[in-house]
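# Secondary and tertiary structure notes
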Amino acid sequence: VNKHNLLAIMRSFSLLQEAIVPYIPTLIGQLTHKLLLVSKNPSKPHFNHYLFESLCLSVRITCKANPATVSSFEEALFPVFTEILQNDVQEFLPYVFQVMSLLLEIHSNSIPSSYMALFPHLLQPALWERTGNIPPLVRLLQAYLEKGGATIAASAADKIPGLLGVFQKLIASKANDHQGFYLLNSIIEHMPPESITQYRKQIFILLFQRLQSSKTTKFIKSFLVFVNLYSVKYGAIALQEIFDSIQPKMFGMVLEKIIIPEVQKVSGPVEKKICAVGITKVLTECPAMMDTEYTKLWTPLLQALIGLFELPEDDSIPDDEHFIDIEDTPGYQTAFSQLAFAGKKEHDPIGDAVGNPKILLAQSLHKLSTACPGRVPSMLSTSLNAEALQYLQGYLQAATVQLV
């Protein structure tokens, strides 16, 4: 098998799709054997890349036809992967992590013991020192959390500090902080709440330390998504309480200095949806917003949310942030080799629970106004600007509700 043969195999796979399913076990045997050989001396980068692409394509085609066949791939590949991990074949590790992610993502909501056996190895600090490992390793840990959050909490709770140690390392880096947030968001979304209760305050403190030491646009955008995901997952009261437990009135400072002025910078439909739902909860499910010194921030926050819905995204980046990534990665390191056939679908943590966030806002404001009649209309009429008010009337009409 050479590079050209592999390209021919991949073209055939792509064209024939399910017609080749019966032959894949034979092909996998040959590809796995080849993988074991080249892992002893990985000197041909293009060949190696196509070899892993062929494996991914085989997995995709076969498991699309029959998801249960994922276990036969794991039986064939795990011994080789284990050897690659044990021998620390650096060139192959990013590929192995991507193929493992692809396999694990195919499982329904459970995690096989073979993966759990490897879990502690994935947290070893040495693996995270290499830049090329970071994106595929984060994705793999996200797959572990999605499929096995409860299993980790039950049988590997002693590894949670290690998982949070990875998050801490990543958010300290301007180049990799977004990867740290991917990991943190998966922890918040998939770990049973009680398993991380004792760590939550420390997570927020670490984020504040980074905000104080170097506040970049990229970090702020990720921070906004995290804060709002926390509001969606644990509720607006929990969000307000955790901020104010770190320092009195801190929740107000975060609203005033970060959420209200910066939310227009959030990009991506899923990220915007998370922020919209999280802010809606703060506006309508947090008593402190209605009857404390935070009340003065209620209308500016609503104004910012309507801006997120209706105004163009603010994609400006300060002049001093254009060269961050270069200074942050000293020396030459192997770049991350993305496998085309190991691609991952975008994940929406809110999913179908909220179809249209504008309708949700209208319904939530209606509910709030019936709980305290007269308050909401008076707050709107005194300080919401005319254009925003007009948009809001449109949401209320579309939701067929009124404010009282």
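Residues numbered from 1 in each chain as written. Predicted model: local features only at pLDDT ≥ 70, side-chain atom pairs only at ≥ 80, totals over all residues. Heavy atoms only, no water.

## Focus on the overall build of the protein
Counting secondary structure elements, the protein contains 21 helices and 0 strands. Overall size of the protein, expressed as C-alpha extent along the three principal axes, is 75 × 45 × 45 Å. Among the 404 residues that make up the protein, the fraction classed as buried is 51%. Sequence-distant contacts, at least 24 apart, represent 78% of the contacts inside the protein between residues at least 6 apart. Here the protein contributes 32 positively and 36 negatively charged side chains, and the mean placements of these two sets differ by 3 Å. (Helix = DSSP H or I, 4+ residues; strand = E, 2+ residues; numbered from the N terminus. Buried < 20%, exposed > 50% of the residue type's maximum accessible area, 1.4 Å probe, protein only. Contact = heavy atoms within 4.5 Å. Lys, Arg positive; Asp, Glu negative; His and termini not counted. Charge placed at Lys NZ, Arg CZ, Asp CG, Glu CD.)

## Some points on the packing of aromatic side chains
The final tally for this structure, using the stated rule, is 19 aromatic pairs. Above the face of the tyrosine 234 ring, arginine 200 is positioned so that its terminal group lies 3.9 Å from the ring centre. (Phe/Tyr/Trp six-rings, centres within 6.5 Å; stacked < 30°, edge-to-face > 60°. Lys NZ or Arg CZ within 6 Å of the ring centre and 35° of its normal.)

## Topic: the pattern of salt bridges
The final tally for this structure, using the stated rule, is 14 salt bridges. The residue glutamate 285 makes a salt bridge to lysine 281 at a minimum N-O spacing of 3.3 Å. Of this pair, glutamate 285 and lysine 281 are both found in helix 15 (residues 269–285), 4 residues apart, which corresponds to roughly one turn of the helix. For glutamate 285, a relative accessible area of 39% translates into the label partly exposed. (Salt bridge = Lys/Arg side-chain N within 4 Å of Asp/Glu carboxyl O.)

## Concerning unusual backbone geometry
Within the chain, aspartate 88 stands out as a residue other than glycine whose phi angle is a positive 50°. Positive phi outside glycine occurs at lysine 249, with the angle close to 65°. For lysine 249, the position within the fold is in the loop between helix 13 (236–246) and helix 14 (250–262).

## Describing the environment of threonine 131
Topologically, threonine 131 is positioned in the loop between helix 7 (125–128) and helix 8 (134–155). Separated by 33 residues in sequence, threonine 131 and leucine 164 have C-alpha atoms that sit 18 Å apart.

## Comments concerning helix 8
Under the 1.5 Å per step criterion, the end-to-end length of helix 8 is only 25 Å for 22 residues, more than 12% shorter than the ideal 32 Å. If you look at helix 8, its biggest bend is around 90°, right at glycine 148. Burial of helix 8 is extensive: 16 of the 22 residues sit out of reach of the surface. (Expected span 1.5 Å × (residues − 1). Bend = angle between axes of the 7 residues up to and from the residue.)

## Observations concerning the state of the cysteines
With the rule as written, the count across this model stands at 0 disulfides. Cysteine 56 provides the cysteine sulfur closest to cysteine 63, a residue in no disulfide bond, and the two sulfurs are 11 Å apart. Free cysteine: cysteine 372, not disulfide-bonded; nearest cysteine sulfur from cysteine 286 at 13 Å. Overall, cysteine 372 belongs to the buried group, its relative accessible area being 18%. (Disulfide = S-S within 2.5 Å.)

## Concerning the packing of helix 12 (residues 217–234) against helix 14
Their axes nearest at 10 Å, the elements helix 12 and helix 14 cross at an angle of 105°. In this view, helix 12 runs roughly perpendicular relative to helix 14, as classed from their interaxial angle. Of the residues in helix 14, those in contact with Ile220, Phe223, Leu224 and Val227 of helix 12 are Val254, Ile258, Ile259 and Glu262. Per-class residue counts for the contact of helix 12 with helix 14 are 7 nonpolar, no polar and 1 charged. (Axes fitted to C-alpha atoms, helices over the stretch in contact; angles between N-to-C directions. Parallel < 35°, antiparallel > 145°, perpendicular 65-115°, else oblique. Nonpolar A, V, L, I, M, F, W, Y, C, P; charged D, E, K, R; others polar.)

## Let's talk about the packing of helix 3 (residues 45–65) against helix 5 (residues 93–106)
Axis separation between helix 3 and helix 5 bottoms out at 10 Å; the angle between their running directions is 5°. Taken together, helix 3 and helix 5 sit at an angle that is classed as roughly parallel. From helix 3, His49, Phe52, Cys56, Val59, Arg60 and Cys63 reach across to helix 5, where they touch Tyr95, Val96, Val99, Leu102, Leu103 and Ile106. Counted by class, the contact of helix 3 with helix 5 contains 10 nonpolar, 1 polar and 1 charged residues.

## Things to note about the nonpolar core
Core analysis: the largest hydrophobic core is formed by 136 residues, its most contacted members being Tyr144, Phe223 and Trp298. Apart from the residues lying within four places of it in its own chain, the contact partners of tryptophan 298 are Leu283, Met289, Met290, Leu365, Leu368, Val376, Met379 and Leu380. (Core = buried A, V, L, I, M, F, W, Y, C linked by side-chain atoms within 4.5 Å.)

## What about the environment of alanine 276?
Mapped onto the fold, alanine 276 is located in helix 15. Sequence separation between alanine 276 and glycine 132 is 144 residues, and the spatial gap between their C-alpha atoms is 34 Å.

## Considerations on the confidence of the model for the protein
Taken as a whole, the protein shows an average pLDDT of 91; of its residues, 94% reach a score of 70 or greater. In this model residues 324–334 is a low-confidence stretch, pLDDT under 50, and it forms 12 contacts with partners more than four residues away in sequence or in other chains. (pLDDT = per-residue confidence, 0-100.)

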